[in-house]
Every structure is written in C-alpha cells, then in structure tokens.
Amino acid sequence: DRRRALFHGHSYTANSLACAAALASLDLLEDPFTHNQIQHINQQHQQFKTRITQHPKLADCRITGTIMAIEIATAEQSSYFNHLRDFMYNFCIEQGVLLRPLGNIVYIIPPYCINPQQLERVYEVILLMMEEMVRWWCGDVSMWWYGDVVKWWGGEMVRWWNGEVVSNHKSS
C-alpha cells in the first residue's frame, strides 16, 4: 500500500553524500592534531577565565571542553530573553567577531582549526564589550533598559531618552 510508504526515506537512510561527510568528519575527529587543538583551546579558555574572574560585569564563567559560557552581570534575570543580547551581538559584529549570545550569556564555541591569535581576538572583543558596559552603564543595566534605548550602529553607540539623543559614542 503506497499510502503507508515513508516518502522522505531518502532523507534519513543511506544518503551517500551524507555518509561520506560523516566519515570525513570522523577522520578529522580521530586525528591527533585535532586532539591537540582541543587541549590548546581548553587551556586558552582557562587562561582567559582567570583574566576576567574579577571583572565587575562577570556573573559567571563556565567551561566544558572547548565550550566557554560567559554570563554577563545584569539587573534583569539571567535568561535567553535578557535584553543585553542585541547589544552584545551587534557590538561583536562591529568588531568583526561572530558570536551568538543567548540573552546575557555569550557562548564561545570555536572550530578546532582556530589558531591562538584568532581565539585571543575573540577574547579581546569580549573584554572590550564588558568594558563598554562598565563605562556606559555603571553596572546597572536596568537604568537604561526601562526608559531609554541604546543601539549600536556603524561603530557608534547612540542613546535615546524619550525620543531625543542624549549621548553618542564612537568606537575607536
């Protein structure tokens, strides 16, 4: 009976291209170079964690293998829906680093082929972002999220209050 057939079976079984990609991925994962890279990334994460441990905007920092989660201190509840997400995402993009913050938590999940200089650049941008938060919001995020709007456009931070620009800041 054709009505009982799984018409999307090709999506789930024996796709030769998907099998070849999976085998190539396993070869890369089993390569000793990859294992060394994983260790180096983890060590570099641990060193950065030590550098930022006392930062006033750090609420928590967690590392599991090559994944680092940096929770930014905020007056709001820590969650995927925290309003810091847009600022952090746009700030990092302006600095040439693509990160995916979820709420007030920034996740660093580098590819195993990243070199130490590239990963250090990611850390520099995160630290710069945290310094901008300290400089502009004095540690109390709630003072600007509940009355005014902050946007990061083209390297310029613009702050409005009741429809009027009250401060501009150009990044260097």
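Residues numbered from 1 in each chain as written. Predicted model: local features only at pLDDT ≥ 70, side-chain atom pairs only at ≥ 80, totals over all residues. Heavy atoms only, no water.

Let's talk about a nonpolar patch on the surface
Residues Leu-23, Leu-26, Leu-29 and Tyr-112 make up a contiguous nonpolar surface patch of roughly 370 Å² in combined accessible area. Its place among the elements puts Leu-26 in helix α2 (residues 16–30). (Patch = residues over 30% accessible without salt bridge, like charges linked within 9 Å, V, L, I, M, F, W, Y side chains within 5 Å. Areas by Shrake-Rupley, 256 points an atom, 1.4 Å probe, with all protein chains shown as cover. Salt bridge = Lys/Arg side-chain N within 4 Å of Asp/Glu carboxyl O. Helix = DSSP H or I, 4+ residues; strand = E, 2+ residues; numbered from the N terminus.)

Some words on the side chain of His-55
Positionally, His-55 belongs in the loop between α3 (32–52) and β1 (58–64). Look at His-55 and you get buried, because its relative accessible area is 11%. Setting aside anything within four residues of it in sequence, one finds His-55 in contact with Leu-127, Met-130, Glu-131 and Val-134. (Buried < 20%, exposed > 50% of the residue type's maximum accessible area, 1.4 Å probe, protein only. Contact = heavy atoms within 4.5 Å.)

Here's the deal with the confidence of the model for the chain
Of all residues in the chain, 73% attain a pLDDT of 70 or more, and the chain-wide mean is 81. Considering only residues more than four positions removed or in separate chains, one finds that residues 151–156, a stretch of pLDDT under 50, has 20 contacts. (pLDDT = per-residue confidence, 0-100.)

Side note on the pairing of β1
Where β1 and strand β2 (residues 67–72) come together, six bridges link them in antiparallel fashion. Its bridge partner being in β2, Leu-58 is matched across the sheet by Ile-72. From the end of β1 to the start of β2, which pair antiparallel, there are two residues, and Gly-65 there has a positive phi angle of about 60°. (Pairing = 2+ DSSP bridges.)

A look at the environment of Leu-119
You can see Leu-119 is positioned in helix α5 (residues 116–137). Under the relative-accessibility criterion, Leu-119 is labelled buried at 1%.

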